[in-house]
Amino acid sequence: MAGRKKASKRGGPASPTGNAAAAVRQGAHRARQGASRAGERASEAGARAARMARQARDASVARVRDLGNQARDSVTGTRPAPLMPHLCFVQSPRRPIPHLTMSEFVRVATYNVHRWQGANGRARPDVARAGYVISELNADVIALQEVLRPFEDDGRLDPAEDPLGQLCEELDLHLAFAVTRRHRRGQLGNAILSRFPITSISVLDISYSRIERRGALAAHVGSAELGLGVVATHLSLVDQTRHRQVQSLMEHPALNAGPAVLMGDMNAWRRCKGSQVLEESLGLHHNLDWPASFPAGRPMLALDRIYTQKADVLSIHKHDSPAARKASDHLPVVAEIQVKAGGA
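Computed from a predicted model, the values in this text were never measured in an experiment. (Residues numbered from 1 in each chain as written. Predicted model: local features only at pLDDT ≥ 70, side-chain atom pairs only at ≥ 80, totals over all residues. Heavy atoms only, no water.)

(A) Spatial organisation of the side chain of Gln-145. Positionally, Gln-145 belongs in strand S3 (residues 141-150). Here Asn-112 takes part through its backbone nitrogen, which lies 3.4 Å from a polar atom of the side chain of Gln-145. Only 3.3 Å separates the side chain of Gln-145 from the backbone oxygen of Ala-143, close enough to count as a polar contact. (Helix = DSSP H or I, 4+ residues; strand = E, 2+ residues; numbered from the N terminus. Polar contact = N/O pair within 3.5 Å; in protein donor to acceptor, adjacent residues only side chain to side chain.)

(B) Main features of the confidence of the model for the chain. For the chain, per-residue confidence averages 82 on the pLDDT scale, and 79% of positions sit at 70 or higher. Per-residue pLDDT, averaged within each element of the chain, yields its smallest value for helix H1 (residues 2-11) (50) and its largest for strand S2 (residues 105-112) (97). Taken as a whole, residues 73-79 scores under 50 in pLDDT and shows three contacts with residues more than four places along the chain or in a different chain. (pLDDT = per-residue confidence, 0-100. Contact = heavy atoms within 4.5 Å.)

(C) Main features of the nonpolar core. Val-108, Val-141, Leu-228 and Leu-262 are the most contacted members of the largest nonpolar core, which totals 45 residues. Ranked by residue count, the leading element in this core is strand S7 (residues 215-222), at five residues. Those residues within four positions of Leu-228 in sequence are excluded, and the remaining contacts are Met-102, Val-108, Ala-219, His-220, Val-221, Pro-259, Ala-260, Val-261, Ile-337 and Val-339. Judged by nonpolar contacts, the second largest core, of 32 residues, contains Val-113, Ile-142, Val-147 and Val-179. (Core = buried A, V, L, I, M, F, W, Y, C linked by side-chain atoms within 4.5 Å. Buried < 20%, exposed > 50% of the residue type's maximum accessible area, 1.4 Å probe, protein only.)

(D) Expanded view of the side chain of Gln-117. The topology assignment puts Gln-117 in the loop between S2 and helix H3 (127-137). For Gln-117, the side chain forms a polar contact with the side chain of Arg-115, separated by 2.8 Å. Setting aside residues up to four positions removed in sequence, Gln-117 forms contacts with Arg-122, Ala-123, Pro-125, Arg-129 and Arg-185.

The structure is reproduced here in structure tokens:
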């Protein structure tokens, strides 16, 4: 009898008192885990709050310093005048290259290089990173936006050390650059790269907003017998301002004096008055479906476009390569165009 009772204690069902004790221990364990997680979340929240406080403090100090600088400049008259878009750098290949004659078929491309700072815009400017993508395009004429000509340590620009100029020298490309605004790292603007000689250049100020500085760089490439007008631009983020900019571009001689191409970051993420004017006035490609080029990692928006005047777009596509996805937040857009005989 005693043996059966002893066995019952070892292998029989647990008593109600034992179940209650186990439940209490489990509840206490869960409570300790919950308290630990709550403590960790509180620590993370505290750290975030501290970071935000430091950022707010730094931003406030920066604003106060900026206001102080503006006040001193206004009193002393040393504040620089607002920058007007203007031509500031033109270069042809220094070494002898074979003379190229433009045919009726021309490969053109547009590329927003994002200040050479990579897809996230945080990396140190590196022209070689996007320069490799430019070499992949194998295009005859390229329009670049958000081109940065970096300042030297002493705040000067040395044309002999200009990284974009060095890139074009390596690729045997003619170059024209027009600055649109000052950037803390240098000059920011638009550029045209061409295998053919650049025979004329002009700059158009389309800064119709006090907030955004915008410009367009126009050029004629090729020869008098067979050439192409090229307009490179970066339009406003605001629909109304963009519409006014488009109207100015449509009146520019570069788009009305023969075969021409308008390329750039149009910022037309939806159908608007500006894009409607362009599509009604200039030549479109065969299927009306613009290739999505932004953001580079997962393109969803067709911001970068190529329009033609007195030329046919035979094909158009985004250039999606591993290098292009890392070099900028935009992918290049490339088109094959055919210049109409006699510019008809």
